[in-house]
Amino acid sequence: MQTEAAFALDAFAQYLALERGASPNTLAAYRRDLRHLVDYLEGRGVASPAGASSRLLREFVFRLKDLGLAPTSIRRHISAVRTYYRFLVEEGSVVRDPTDRLQSPKKWRTVPSVLTVPEVERLMGAPHADDALAWRDRALVEFGYATGARVSEIVGVQLKDVLFDEGLVRLYGKGSKERLVPIGRRALGAVALYNREIRPLLEKGRGRGVLFLNARGAPLSRVGAWGIIKRLARTAGITKRVTPHTLRHTFATHLLEGGADLRAVQEMLGHADLSTTQIYTTVDREYLRSVHRQYHPRA
């Protein structure tokens, strides 16, 4: 076929078999994966491997992800494409390798699970009024969503760290690095009510000044916080896996979707590196892509 000749697929298969000792199964998989690449490139007017840019190859990988391929399958595609271009460079068929910055799924940051605004509202309404610890549980989820705090920061926050008059909370992140984070009016009200009505009943001299206590009056553990949030999510009828970190992801995503500055979100999350915060722009991109696929007539 003219296409296979232009892309030297037969020559590449011979190289794999003779010089790399590839098995028949590997040969078949690589050829199939490269056919996907060739079809993608031809669909964009690229008639030879030399015409593929790094950007176009990255878009090809995202296309595989959009199609719902498993990370293992995407990794195999990327391995095939990298090996293919190394072969072409050695043969002198292309002058540069456009795969040098192509990332495998194992290097991708996992796009976090995020709650919708209606799901957040259902989660906040899940604690039952007749439960003695309902206001503690409500304060816990309000606090997590309002501040984007890590679970270790939530269970470690002290009463003295909640600055009620200023609407701020002092959090201590990784390496005991301190930061001040705004806490919204509704969350502050839930925390104030819990602190006034419920916490004094729990405190038995073992609270050590910690805000969130368990039923025995000791500081709430990470596992305890996780269990509360999981139970409330189940009560709210939320089928997604919901953890304390889900509240942190949701906090960041909702801020960015609302137009918040990335560096401001970085400061509130306590990220040392802006690239860590940029995962949430990926979440936003995935959301936009899903909306486009769902509603655009020619998507």
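Scroll up to find the structure this text is about.
Residues numbered from 1 in each chain as written. Predicted model: local features only at pLDDT ≥ 70, side-chain atom pairs only at ≥ 80, totals over all residues. Heavy atoms only, no water.

Visitor: I'd love a proper account of the nonpolar core, names of residues and values included.
Guide: In this structure, Leu123, Leu140, Phe143, Val157, Tyr194 and Phe212 are the most contacted members of the largest nonpolar core, which totals 49 residues. Secondary structure elements with two or more residues in this core: helix H6 (117-124), helix H7 (134-147), helix H8 (151-156), strand E2 (168-172), helix H9 (185-202), helix H10 (222-235), helix H11 (244-257) and helix H12 (262-269). At seven residues, the largest contribution of residues to this core is made by H9. (Core = buried A, V, L, I, M, F, W, Y, C linked by side-chain atoms within 4.5 Å. Buried < 20%, exposed > 50% of the residue type's maximum accessible area, 1.4 Å probe, protein only. Helix = DSSP H or I, 4+ residues; strand = E, 2+ residues; numbered from the N terminus.)

Visitor: Before we move on, can you summarise the pattern of salt bridges with the specific residues and values?
Guide: Following the criterion strictly, the structure yields 16 salt bridges and no others. Taking the shortest distance from any N to any O, the salt bridge between Arg35 and Asp39 comes out at 2.8 Å. Linking Arg35 with Asp39, this pair stays in helix H3 (residues 24-43), spanning four residues, or about one helical turn. Accessibility expressed as a relative area gives 43% for Asp39, which makes it partly exposed. With a shortest N-O distance of 3.6 Å, Glu121 and Arg186 are connected by a salt bridge. Placement of Glu121 in helix H6 and of Arg186 in helix H9 is noted, with a sequence separation of 65 residues between them. (Salt bridge = Lys/Arg side-chain N within 4 Å of Asp/Glu carboxyl O.)

Visitor: Any chance you could break down the packing of aromatic side chains for me, citing the residues and the numbers?
Guide: Overall, the coordinates contain eight aromatic pairs when judged by the stated rule. Summarising the aromatic geometry, the rings of Tyr194 and Phe212 are spaced 5.7 Å apart at their centres and angled 20 degrees between planes, so their arrangement reads as stacked. Linking Tyr194 in helix H9 with Phe212 in the loop between H9 and H10, this pair joins segments that are 18 residues apart in sequence. Across the pair, exposure class does not vary: Tyr194 and Phe212 are buried alike. The rings of Phe12, Tyr15, Tyr84, Tyr85 and Phe87 are connected pair by pair, giving a single aromatic cluster. Sitting over the ring of Tyr40, Arg44 keeps its end group 3.7 Å from the ring centre. (Phe/Tyr/Trp six-rings, centres within 6.5 Å; stacked < 30°, edge-to-face > 60°. Lys NZ or Arg CZ within 6 Å of the ring centre and 35° of its normal.)

Visitor: Describe the environment of Ile78, naming the residues involved and giving the relevant values.
Guide: Along the chain, Ile78 turns up in helix H5 (residues 71-91). In the structure, Ile78 is positioned 45 residues away from Asp33 in sequence and 8.7 Å away in space, judged by C-alpha atoms.

Visitor: Describe the sheet that holds strand E1 (residues 162-163), naming the residues involved and giving the relevant values.
Guide: Spatially, three strands are ordered E1-E2-E3 in an open sheet, and the strand pairing comes out antiparallel. Single-partner strands in this sheet number two, and they are E1 and strand E3 (178-182). When E1 meets E2, the two strands line up antiparallel, connected through two bridges. Bridging from a neighbouring strand, Leu163 pairs with Leu168 of E2. (Pairing = 2+ DSSP bridges.)

Visitor: I'd like a rundown of empty space enclosed by the protein, residues and numbers included.
Guide: Applying the stated criterion across every chain, the model contains two cavities of 30 Å³ or more. Estimated volume of the largest cavity: approximately 50 Å³. Contributing to the lining of the largest cavity are Leu9, Phe12, Ala13, Leu16, Leu27, Tyr30, Arg31 and Leu34. Mapped onto the lining of the largest cavity, the elements with two or more residues apiece are helix H2 (9-18) and H3. Its residues placed into classes, the lining of the largest cavity shows seven nonpolar, no polar and one charged. One number sums up the size of the second largest cavity: a volume of about 30 Å³. (1 Å grid on protein atoms, 1.4 Å probe; cavity = no way out; pocket = protein on both sides within 12 Å on 5 of 7 lines; lining within 4 Å. Points joined across faces, edges and corners; volume = space filled by probe spheres on them. Nonpolar A, V, L, I, M, F, W, Y, C, P; charged D, E, K, R; others polar.)

Visitor: Outline H12, supporting the account with residue identities and numerical values.
Guide: Residues of H12 that are buried include every one of Leu262, Val265, Gln266, Met268 and Leu269, and no others. Down the axis of H12, the sector holding all buried residues measures 165 degrees, keeping them to one side. In H12, the exposed residues that point more than 90 degrees away from the buried face are Arg263 and Glu267. The opening residue of H12, the one whose side-chain oxygen lies 3.0 Å from the backbone nitrogen of Arg263, is Asp261. (Arc of directions from axis to C-beta. Polar contact = N/O pair within 3.5 Å; in protein donor to acceptor, adjacent residues only side chain to side chain.)

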